[in-house]
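Now for the letters of each chain:
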Amino acid sequence: MASNVEAPERWYLALLGFAEHFRTSSPPKIRLCVHCLQAVFQFKPPQRIEARTHLQLGSVLYHHTKNSELARSHLEKAWYISQQVPQFEDVKFEAASILSELFCQQNLVDSAKPLLRKAIQISQQTPYWHCRLLFQLAQLHTLEKDLVSACDLLGVGAEYARVVGSEYTRKQEKVSTESFQYILPSPDYVQALFLLSKGMLLLMERKLAEVHPLLTLCGTIVENWQGNPIQKESLRVFFLVLQVTHYLDAGQVKSVKPCLKQLQQCIQTISTLHDDEILPSNPADLFHWLPKEHMCVLVYLVTVMHSMQAGYLEKAQKYTDKALMQLEKLKMLDCSPILSTFQVILLEHIIMCRLVTGHKATALQEISQVCQLCQQSPRLFTNHAAQLHTLLGLYCISVNCMDNAEAQFTTALRLTTHQELWTYIVTNLASVYIREGNRHQELYSLLERINPDHNFPVSSHCLRAAAFYIRGLLSFFQGRYSEAKRFLRETLKMSNAEDLNRLTACSLVLLGHIFYVLGNHRESNNMVVPAMQLASKIPDMSVQLWSSALLKDLNKALGNTMDAHEAAQMHQNFSQQLLQDHIAACSLPEHNLISWTDGPPPVQIQAQNGPTTSLASLL
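Described in the following lines is the structure provided in the data block. (Residues numbered from 1 in each chain as written. Predicted model: local features only at pLDDT ≥ 70, side-chain atom pairs only at ≥ 80, totals over all residues. Heavy atoms only, no water.)

**Some words on the environment of Leu99**
Step number 1: Mapped onto the secondary structure, Leu99 falls in helix α5 (residues 89-105).
Step number 2: Among the residues examined, Leu99 registers a relative accessible area of 2% and is labelled buried.
Step number 3: Separated by 132 residues in the primary sequence, Leu99 and Gln231 place their C-alpha atoms 28 Å from one another.
Step number 4: Look past the residues within four positions of Leu99 in its chain and what remains in contact with it is Arg72, Leu75, Glu76 and Leu115. (Helix = DSSP H or I, 4+ residues; strand = E, 2+ residues; numbered from the N terminus. Buried < 20%, exposed > 50% of the residue type's maximum accessible area, 1.4 Å probe, protein only. Contact = heavy atoms within 4.5 Å.)

Given below as structure tokens:
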């Protein structure tokens, strides 16, 4: 009798061993793995083995094949049977977790949510799974842009982890560690993860009054927590990324430097720690907000964002190259969607750098690369469509296609609900109307909505400074020079306060132009020379072109023949570089993207016969 009871389990272990051998073969032999697991059912196994085998089959089919219907069938059976087996939490809740992922993949979100809610409801005595499932449902609400529900769930999770922590402290002397396999052994760590995740969503919602006290609490918890070194540094990275992002969203490029330096030191510390030396002894310790390799890319990314805002474009290029190289290696082994998101955001920033530094052809090819990435992921396109049209608008400005620029920016405005991006787009659209010179009604309507003197729509220091610059530019074109100087001095004051180098260079050269028109050549020279130096440091090709033209005329007026000749030669060199790049960009088939304003990105881009735009406005 005893042998009859043991036989199915021996068969099960043998078949399971074969299945795992085939699954981990190089390359994996998934068909044979599935056959071995299906053979288990021939022996009419007990419920525990039956449920676990359905889970294993469902997981293998979900992760390694496209047979989602069969995977769903096995996972549903695992979920149903495991609920009838006492003390079978690992199978029950893992089945619920994977099945809800599969539902989301099939766009059956309305099936995933009740499944997760039920699993959360019955997992309250299993803290590990309870917390993991709360995170999963919060993520699902976030993807649906229901940030209020997501924040509520994360708040519930943080309070739950706090309560579990106090209970664990009381019980841990009386109960063996093994009994607590799924009782959170580091509740402060998990509580911090919930709070930091909530802080991230509050930042996305722009609920800044709630963010500050929450981040302060998180900072205290993170610094006081004593535990696994990688986990502690991981929490610090999460905390510092939120702080750095908060500063960058506010356009405070100088103020963020201490936090950014701490973040870079923190990721270096993590890079020196070896996972195999300090692996957690308890599976419940395995809560990570991001793998270590993903965190490294993220730190590169926020460094690029900072360098771009500050106008350190060569530094931005260097860190982008490093990040993209690391991403390519990771994507060979990891198909996580967040890697494509990182790649798109990096490309968005480097494209803006290319346009400033006079590499429009390269920028256009990278815009096309973003289009290709978005073609592969509808969710990625939904999240980045407005940014993509904004980049095309900026490219159109750089090649003097103002009608197309207007169309791109108008499309971007229609697609975004993000206030900072909306303000950035409106600022650039206003610059298009100023250049066209005959769009007064539309221009004044826009300027009313981004008035930096009162009711500015966002708290960004950088965008408000840019709005003052746009006002100065308009006043200059209208010949109201005193008013223009007031606006530009305000821009300079704000940009100097936060090291916004590109805005500083643009304001200086425009002030220099105003003083030149007014006949104050000495004061003009005092503005244009530092503008040229700063533009060369960035390097900003358009400002260098503008500055060299002014220096040529200034030195002629001042009788400095040699300096005038040198400035003229510089101007000629910049003009030639820009003209060659202009022709190269407009000759690319990707140039036709400037006409795309509706629907998903075009799959194929037809070549056209030569450039159709003029460089006259730049020369």
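**Quick look at the packing of aromatic side chains**
Step number 1: Within the structure shown, the criterion is met by nine aromatic pairs.
Step number 2: Put simply, the rings of Phe93, Tyr128 and Trp129 pair up and form one aromatic cluster.
Step number 3: The ring of Phe487 is capped by Arg486, whose NZ or CZ atom sits 4.4 Å from the centre of that ring. (Phe/Tyr/Trp six-rings, centres within 6.5 Å; stacked < 30°, edge-to-face > 60°. Lys NZ or Arg CZ within 6 Å of the ring centre and 35° of its normal.)

**Let's talk about the packing of helix α21 (residues 461-477) against helix α22 (residues 481-497)**
Step number 1: Across the interface, α21 lies against α22 with an axial gap of 8 Å and an inter-helix angle of 160°. Judged by the angle between their axes, α21 and α22 are roughly antiparallel. For the crossing formed where α21 meets α22, the hand is left-handed. Where α21 abuts α22, its residues His461, Arg464, Ala465, Phe468, Tyr469, Arg471, Gly472, Ser475 and Phe476 lie against Tyr481, Glu483, Ala484, Phe487, Leu488, Glu490, Thr491, Met494 and Ala497. (Axes fitted to C-alpha atoms, helices over the stretch in contact; angles between N-to-C directions. Parallel < 35°, antiparallel > 145°, perpendicular 65-115°, else oblique. Left-handed = near helix turned anticlockwise from the far one by under 90°.)

**Quick notes on the side chain of Glu498**
Step number 1: Take Glu498: it is sitting in the loop between α22 and α23 (501-517).
Step number 2: With no salt bridge to any partner, buried Glu498 finds its closest opposite charge in Lys254, at an N-O distance of 7.3 Å.
Step number 3: Polar contacts involving the side chain of Glu498 include one to the main-chain amide nitrogen of Val253, which spans 3.2 Å.
Step number 4: At 2.7 Å, the side chain of Glu498 forms a polar contact with the side chain of Ser255.
Step number 5: Setting aside chain neighbours within four positions, we find Glu498 in contact with Gly251, Gln252, Val253, Lys254, Ser255 and His461. (Lys, Arg positive; Asp, Glu negative; His and termini not counted. Salt bridge = Lys/Arg side-chain N within 4 Å of Asp/Glu carboxyl O. Polar contact = N/O pair within 3.5 Å; in protein donor to acceptor, adjacent residues only side chain to side chain.)

**What to know about unusual backbone geometry**
Step number 1: The residue after Ser26, namely Pro27, is reached through a cis peptide bond having omega 0°.
Step number 2: Of note, Pro27 is situated in the loop between α1 (2-23) and α2 (30-39).
Step number 3: With omega at -10°, the peptide bond leading from Ile538 into Pro539 counts as cis.
Step number 4: Tracing the backbone shows Pro539 in the loop between α24 (521-537) and α25 (541-558).

**Examining the environment of Ala497**
Step number 1: Here Ala497 shows up in helix α22.
Step number 2: With relative accessibility at 40%, the residue Ala497 sits in the partly exposed group.
Step number 3: Each C-alpha atom of the pair Ala497 and Arg486 lies 17 Å from the other, and the pair is eleven residues apart in sequence.
Step number 4: With near-sequence residues (within four places) excluded, Ala497 lies in contact with Lys254 and His461.

**Let's talk about the nonpolar core**
Step number 1: In terms of nonpolar packing, the biggest core is built from 205 residues, with Val237, Leu263 and Tyr395 touching the most fellow members.
Step number 2: A per-element tally of this core places helix α15 (residues 337-357) first, with twelve residues.
Step number 3: In this structure, Val237 is in contact with Leu263, Cys266, Ile267, Ile270, Trp289, Met295 and Val299, ignoring residues within four places of it in sequence. (Core = buried A, V, L, I, M, F, W, Y, C linked by side-chain atoms within 4.5 Å.)

**Looking at α2**
Step number 1: The complete set of buried residues in α2 reads Ile30, Cys33, Val34, Cys36 and Leu37. Buried residues of α2 fall within an arc of 160° about the axis and therefore sit on the same side. (Arc of directions from axis to C-beta.)

**Notes on the side chain of Ser460**
Step number 1: Mapped onto the secondary structure, Ser460 falls in the loop between α20 (440-449) and α21.
Step number 2: Leave out the neighbours within four places in its chain, and Ser460 touches Asp249, Ala250 and Gly251.

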